[in-house]
Amino acid sequence: MTLISAQDGLVVPPGGGRTLVTPAQQVTFKVTGEHSRAASSFEVVVPPGFDVGAHLHTRSEELFYVLEGELDVLAFEPLVRTRDHWREWRSAAGQRYARATPGTVILVPPGCPHAFANPTPEPVRMFFQASPPPDHERYFEELFEILEAGPPVDQEAIAALRVRYDIEQLTPLRTAGPAAGS
């Protein structure tokens, strides 16, 4: 997956890209900072029961596109940021979390709290883009190193990693499996 020259584009075929797998999720790197100055792009498989927890980034913009399955999603500043369950949050305009089905796009500007969770018994596949690169790709690489070193999962190392990569966790991450992640 390298460019031939500065004028050439990049074609990543189905199944192409480097894939990282843990019990918490699967991430395939499609476009990295090596290929684009604008954004890193990933295909993510979200297992049943996984909840990334509400969080925000002060510098990154993110875009999610649901390809297969259904996710509960949120992308707004709530009236009150409760520390446990983001699905109880409401915005000043009355928004609540939404059910994202295939074809749904979620755009998250810097500073906007957001979350996604898979409440279904089936894995969900989504396209995920983060700008600017390469923060999210480095975060995923380092996270997966921490997860592979466990069990037990080093929660302090994950918390330090999140701080280093501009991730403020607002509600807990939850997973149906033994590991924890992004």
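An account of the accompanying structure is given in this report. Here the residue numbers are simple positions, counted from 1 along each chain's written sequence. Residue-level local features of this predicted model are given only where pLDDT is at least 70; pairs of side-chain atoms are given and counted only at 80 or more, and the full residue set underlies all totals for whole chains, interfaces and linings. To get the side-chain values, all heavy atoms of the structure are used, and hydrogens and water are removed first.

With respect to the overall build of the protein
Per the convention used, a helix needs a DSSP run of H or I reaching at least four residues, while a strand needs a run of E reaching at least two, with both numbered from the N terminus. What the protein contains, in helices and strands, is two helices and eleven strands. Listing each helix as α and each strand as β along the protein from the N terminus yields β-β-β-β-β-β-β-β-β-β-α-α-β. Over its C-alpha atoms the protein spans a radius of gyration of 16 Å, differing by no more than 12% from the 16 Å that the globule rule assigns to 182 residues. By principal-axis analysis of the C-alpha atoms, the protein measures approximately 50 × 40 × 30 Å. Within the protein, the proportion of its 182 residues that are buried is 44%. Contacts in the protein between residues far apart in sequence, at least 24 positions, make up 74% of those at least 6 positions apart. Note on method: radius of gyration uses C-alpha positions; expected globular size equals 2.2 Å times residues raised to 0.38. Only protein chains enter the accessibility calculation, which uses a 1.4 Å probe; a residue whose area is less than 20% of its type maximum is buried, one above 50% is exposed, and one in between is partly exposed. A contact between two residues is defined here by any heavy atoms of the two lying within 4.5 Å.

Looking at the pattern of salt bridges
Between Lys or Arg on one side and Asp or Glu on the other, a salt bridge is scored when a side-chain nitrogen of the former is within 4 Å of a carboxyl oxygen of the latter. Under the criterion given, the structure shown has eleven salt bridges. The partner of Asp72 in a salt bridge is Arg87, and the shortest N-O contact between them spans 2.9 Å. Within this pair, whereas Asp72 is found in strand β6 (residues 71-75), its partner Arg87 is found in the loop between β6 and β7 (98-100), the two being separated by 15 residues in sequence. Residue Arg174 pairs with Asp84 through a salt bridge whose shortest N-O separation is 2.7 Å.

Here we look at unusual backbone geometry
Between Ser131 and Pro132 the backbone carries a cis peptide bond, its omega angle lying at 5 degrees. Residue position: Pro132 is located in the loop between β10 (124-131) and α1 (135-149). The step from Pro133 to Pro134 runs through a cis peptide bond, and the omega angle for that step is 0 degrees. By the element assignment, Pro134 lies in the loop between β10 and α1. With a phi angle near 60 degrees, Asp166 is a residue other than glycine that sits in the positive phi range. By the element assignment, Asp166 lies in the loop between α2 (155-164) and β11 (168-169). Judged by relative accessible area, which is 11%, Asp166 ranks as buried.

Notes on the nonpolar core
Residues enter a nonpolar core if they are buried and are Ala, Val, Leu, Ile, Met, Phe, Trp, Tyr or Cys, with the set joined through side-chain atoms within 4.5 Å. Counting 34 residues, the largest nonpolar core has Val46, Leu71, Phe116 and Phe140 as its most contacted members. When residues in this core are grouped by element, the largest group, six residues, is from α1. Of all hydrophobic cores here, the second largest spans nine residues; its members include Ala54, Leu56, Ala115 and Ala117.

On their own, these measurements won't tell you what the molecule is for.
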